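Here is how the chains run, residue by residue.
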Amino acid sequence: MKRINIGFLFPLAALAILVCALSQQLFILPPLGKLLDPFIGAIQNEDDRPLQAKELTIPARELEAPVQVFFDERKVPHIYAQHTTDLYFAQGYVTAFFRLWQMDFGSYAAAGRLSEIFAKKEFLDYDRNQRRLGIMDAAQRSLKLIMADRETSAALNAYTRGVNAYIQQLDYRNMPLEYKLLGYQPELWTNLKSTLILKSMASRMTGYEEDLFMSKMILALGEERFNQLFPEYYPDAHPVMNTDRPAATAAAQYAKIPGYLNYAFLSANSVIAESAWNPRLGSNSWAVSGKMTASGFPILANDPHLNLSLPNVWMEMQLNAPGVNVYGVTIPGTPAIIIGFNENIAWGITNGADDVKDWYKLKISPDYRQYELDGKWLPLEVRRETIQRKGQPVFYDTVYSTLHGPIVFNKSFPGKDPDMADMALRWELHRPSNEFLTFIQLNKARNYREYKAAIWHYHCPLQNFTFAGKDNNIAIHHQGSMPLKWPGQGKFILDGTTSAHLYTQYVPADSLPQLLNPACNYVQSANQRPTYSNYAYYYNGYYNETRASRIEQLLSAKQQVDVDAMKAMQLDNVNAFTVMALPVLLANVKPAALSKAQQQTLAAFKQWNGSYDYDNKIARLYNLWWRNVKNDTWDELRNYRFFIKSPEDEVLLNLIQQDTHNAYFDRQHTPQREDAAEIITNAFITAFAENEQSRKEGRERWSDFHKVNLLHLTNLRAFSKMGLPVAGQQEALNAISANWGPSWRMIVELGDRPRAYGIYPGGQSGNPGSRYYDSFVDDWNKGKYYTLNFFMSLKEAKQQASGAWKLNNR
Amino acid sequence: MKISTRDNIKAFLCLIPLILLIRITDRIPWWSFVIGVGLFGAATAIWKWKVSAFVTGFLAGLVVWAGASLYFHYTLGGHVLDKIGVLLFVPGPVVILLSGIIGGLLTGLALYTGRTAIRVSAH
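Here is what the cut-offs are and how they apply
Residues numbered from 1 in each chain as written. Chains lettered and ligands numbered in written order. Predicted model: local features only at pLDDT ≥ 70, side-chain atom pairs only at ≥ 80, totals over all residues. Helix = DSSP H or I, 4+ residues; strand = E, 2+ residues; numbered from the N terminus. Rg over C-alpha atoms; globule rule 2.2 N^0.38 Å. Buried ≥ 20, exposed ≤ 12 C-beta atoms within 10 Å, placed from the backbone. Contact = placed C-beta atoms within 7 Å. Pairing = 2+ DSSP bridges. Nonpolar A, V, L, I, M, F, W, Y, C, P; charged D, E, K, R; others polar. pLDDT = per-residue confidence, 0-100. Core = buried A, V, L, I, M, F, W, Y, C linked by C-beta atoms within 7 Å. Axes fitted to C-alpha atoms, helices over the stretch in contact; angles between N-to-C directions. Parallel < 35°, antiparallel > 145°, perpendicular 65-115°, else oblique. Left-handed = near helix turned anticlockwise from the far one by under 90°. Arc of directions from axis to C-beta.

**Section: the overall build of chain A**
Assigned secondary structure in chain A consists of 24 helices and 30 strands. A globule of 810 residues ought to have a C-alpha radius of gyration of about 28 Å, and chain A, at 28 Å, matches this closely. Across its three principal axes, chain A shows a C-alpha extent of roughly 105 × 70 × 60 Å. For chain A, with 810 residues in total, the buried portion stands at 51%. Here the contacts in chain A between residues at least 6 apart in sequence split such that 72% fall between residues at least 24 apart.

**A few points about the sheet that holds strand S21 (residues 494-495) of chain A**
Residue and element names in this part refer to chain A. Ordered in space as S18-S13-S21, the three strands form an open sheet in which the pairing is mixed. Two strands in the sheet have a free side with no partner beyond their single neighbour: strand S18 (423-427) and S21. Relative to S18, strand S13 (residues 357-361) is paired through five bridges, and the arrangement is antiparallel. When the sheet's bridge partners are listed, Lys361 is paired in S18 with Met423.

**Some remarks on the environment of A:Asn540**
Residue and element names in this part refer to chain A. With respect to the helices and strands, Asn540 occurs in the loop between strand S23 (522-525) and helix H14 (546-556). Overall, the presence of 21 C-beta atoms within 10 Å leaves Asn540 in the buried class. Distance from Asn540 to Tyr448, taken between C-alpha atoms, is 29 Å for residues 92 residues apart in sequence. The residues touching Asn540, leaving out its near neighbours within four places in the chain, are Glu232, Asp355, Gly490 and Lys491.

**Observations regarding the interface of chain B and chain A**
The partner chain A presents 40 residues to the 39 residues of chain B that form the contact. At the level of elements, helix H2 (33-46), helix H3 (53-76), helix H4 (80-87), helix H5 (92-117) and strand S1 (118-120) of chain B are the ones that each hand at least two residues to the side of chain B that touches chain A. Looking at the side of chain B that touches chain A, the element that brings in the most residues is H5(B), giving twelve residues. Considering only residue class, the side of chain B that touches chain A consists of 24 nonpolar, ten polar and five charged.

**What to know about the confidence of the model for chain B**
Should the pLDDT be low somewhere, the predicted coordinates at that spot are not to be read in detail. Looking at chain B, pLDDT values average 88 and 96% of them are 70 or higher. Scored by ipTM, the complex comes to 0.94, with pTM at 0.92.

**Some details on the nonpolar core**
A:Ile79, A:Ala90, A:Tyr93, A:Phe467 and A:Trp625 are the most contacted members of the largest nonpolar core, which totals 195 residues. The dominant element in this core, judged by the number of residues it contributes, is helix H4 (residues 84-111) of chain A, at 17 residues. If sequence neighbours within four positions are ignored, A:Tyr93 has contacts with A:Ala60, A:Gly162, A:Val163, A:Ala165, A:Tyr166 and A:Leu807. In this structure, B:Val37, B:Leu59, B:Leu62 and B:Val95 belong to the second largest nonpolar core, which totals 43 residues.

**A closer look at the packing of helix H18 (residues 619-633) of chain A against helix H21 (residues 676-696) of chain A**
All names here are of chain A. Two numbers describe how H18 lies on H21: the axes approach to 8 Å, and their chain directions differ by 135°. As far as their axial angle goes, H21 and H18 are oblique. The two elements H18 and H21 cross, and the hand of that crossing is right-handed. In contact with Arg620, Leu621, Leu624, Trp625, Asn628, Val629, Asp632 and Thr633 of H18, H21 contributes Ile679, Ile680, Asn682, Ala683, Phe684, Thr686, Ala687, Phe688, Glu690 and Asn691. By residue class, the composition of the contact of H18 with H21 is ten nonpolar, five polar and three charged.

**What about the environment of A:Leu22?**
Mapped onto the fold, A:Leu22 is located in helix H1 (residues 9-23). Using a count of 21 C-beta atoms within 10 Å as the deciding quantity, one classes A:Leu22 as buried. A C-alpha to C-alpha distance of 42 Å links A:Leu22 and A:His706, two positions 684 residues apart in sequence. Beyond its immediate sequence surroundings of up to four residues, A:Leu22 is in contact with A:Pro31, A:Leu32, A:Gly33 and B:Ile102.

**A short note on the pairing of strand S17 (residues 392-401) of chain A**
All names here are of chain A. Direction of pairing for strand S16 (residues 381-389) relative to S17: antiparallel, over a ladder of eight bridges. Bridge pairing in S17 links Glu381 to Ser401. Between S16 and S17, which follow one another and run antiparallel, lie two residues, and Gly391 among them has a positive phi close to 70°.

**Quick word on the environment of B:Leu111**
Residues and elements named next belong to chain B. Among the secondary structure elements, Leu111 is positioned in helix H5. A count of 31 C-beta atoms within 10 Å places Leu111 in the buried class. Leu111 sits 75 residues away from Gly36 along the chain, and the two C-alpha atoms are 9.0 Å apart.

**With respect to H4(B)**
Of the positions making up H4(B), those classed as buried are B:Val80, B:Leu81, B:Lys83 and B:Ile84. On an axial view of H4(B), the arc spanned by its buried residues comes to 165°, and they lie on one face. As for H4(B), its buried residues are in contact with helix H8 (177-182) of chain A together with H3 and H5 of chain B.

**Let's talk about the sheet that holds strand S2 (residues 55-60) of chain A**
All names here are of chain A. With mixed pairing, the eleven strands of this open sheet are ordered in space as S2-S30-S3-S4-S9-S10-S11-S12-S19-S20-S22. Single-partner strands in this sheet number two, and they are S2 and strand S22 (514-516). Across the sheet, the mean angle from the axis of one strand to that of its neighbour is 15°, orientation sign disregarded. Contacts from H4 reach S2, strand S3 (67-71), strand S4 (77-80), strand S9 (315-321), strand S10 (324-330) and strand S30 (803-809), with the element oriented near 160° to S9.

What follows is the structure, given as structure tokens:
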């Protein structure tokens, strides 16, 4: 006789509790049951079979005709479509296959939605900040403009449909690993998400600011000293537009304390938050005319320096449809190729580094409903942001805006710096623009005229576009919306109570800094100033001259170049500033104050060419030495509580050469008065002692100290590559620092068929379980390049591909 | 009840294909195999198999989950195990063991639950 035993309810309850516990995140632990389930869990993310298949047919909907996707050995997709919309559909599908989580996460981060994924409070602060900056608002307004353009909207709609076709095929087993770990699911892609990715990039390029620091600095130092320490121009600069060099520079750009700017206007003595962005890090790009290449065809080189992450910010692909055959890198989440080449042209991009982010000090009524402008009280605009939070109640944030832009910080969200409260932000990123169109048109541009027409649509952020055409035209454009400002406008905090401080006009497109086929036969940009000081319009920004100076040195010294010379330049580890500064330091150091060992080390410097090579044993000592010289010289400035940055290195070097007894060389807290020679000698002795200590610990080579981290976007160490020893230095052309560097190295020689080489630190797949996740990293670190397989025809693609997919209507 | 080694082996050998069959079926919740195992546990009671339910279930679950993890790892040839190991602060191979233990616990508990649900009297 059989009976039901009530006692089974106890193990049943235990089983139910166990299943529940293993199905969801518990504290820091991921949903272990699902994650470690061998049939659907993490182990299934090792599945690279679709990429290794010789032939795979993928059912898709909404295609006008079948699309073929060929893969080469490195798993670069070469997409062949018969219609343009199918091309972008397939680009969306294929990109999602490789990088879905990365692009989705990027859209969450840009929109200020990370609290939906992570429960920690700092993500709520991040989201509030992001929303108050107005990124989402800006993306929504730009999208309206984008959708009004037929060509862009067709491309974007198709791309979105392609991404969603992939998402809709997903089940838990083949879902990207990060979703499994963090316990959420991909949502459908939208055009807004693509626009958010673009705005996020613009934010990254233009997010740096030092308006408040500069305002306080000019008040603290006075005009004369401020202009001495923070000049707008340097005499030895090599700007993007290097024609019409003026006889004198600095005097023409003397910054004056604006009439409204005083301590009552700013509340002084507060601490300014440091930005993660380092304006000394940037990108290189140059194009050399066929008149000075061995082949007779122009060569273009570009290596954008960005945050080095895993997955990499770029993904390589070739797009082919009637009227377009282009190869290069795309940003996952956006259609078209961003940096690349086709049969006729090649183009590169570096950050313009202009200041297009300005703050306005407002006068707001006590009830926080109105603000004053030109003597009238205007109502503050109010919007309510709804922030969904994982496992917690919804958070509502009220954001106020004025005619200038959003008020990012106020009493309810003070940020890190109380002095930034109640200021309105005016940022070029807020203006609607359609940068997608630039890339869509660049992809199919056939000559200089079409290239110029394409970049005309580019507004934010200001970028240096470098161009080379098969017909031997080379050009460079400092392209984007460059506001018409009066001298000093935007360098300091502006007065929000007068509309005279609001700029409404922009430098006409034809007057933007640009060069076409210069007499020197090359153009170059490396985040330096776009012009000499005699440019007709005022602008300011966060420029760097060192790499541009090195490019100039190398290109101007050559009669003829080839692809190998371009590779050597991209991998050049010489810091041009070090080359200038070292003889000055050596000339000023006092040998009598040094021990014999120190003198011997000093002698070794005379043999050093300033190259931060992997095995170099002296580079680190120089870095310590120069750091100490800087710290000891600018110790007065460090006393300011608002101090965030020293004057540029060029200013200090000039001071050592021109004015060795300048008061800044006198160290505070010492009874005697030091001069430059004493500072330099003491700095060397201290650096030597520090270096000796490391040497005794067995660390002596530059690569023992210079390491790069490729961090996963969640900062999970398990999915990152940490502490890779590398050559290069942040101001060398091979500008690698802890987590920044050449995110894509590309060299293209145009001709009857383009010959191109490239590499990025990552791998095509965004899946940490895939063998293609970080497959390029070691080669990138060794300075290798891959030949980029640019197929001129479908036949070539078929013959040379190692695998293929066919996207077919179901 | 005296445990029969033969019945244990029989149950073990039945459980392995049973779990595999249910787990390779897509689009059902990952934990649904415990229902099948529970029902099988009830059946062993009805069939009067003298099995040590938890231990037999645990061993079967462990073998299937750890074995499948090992199989997929070697056939797919990827790198995820070491990375998950870093996340969980254990070496990569221990992740396979952890997977086996989870499979074992669920199967053991499910078999025991099913087995306990049915009481068969001597008459």
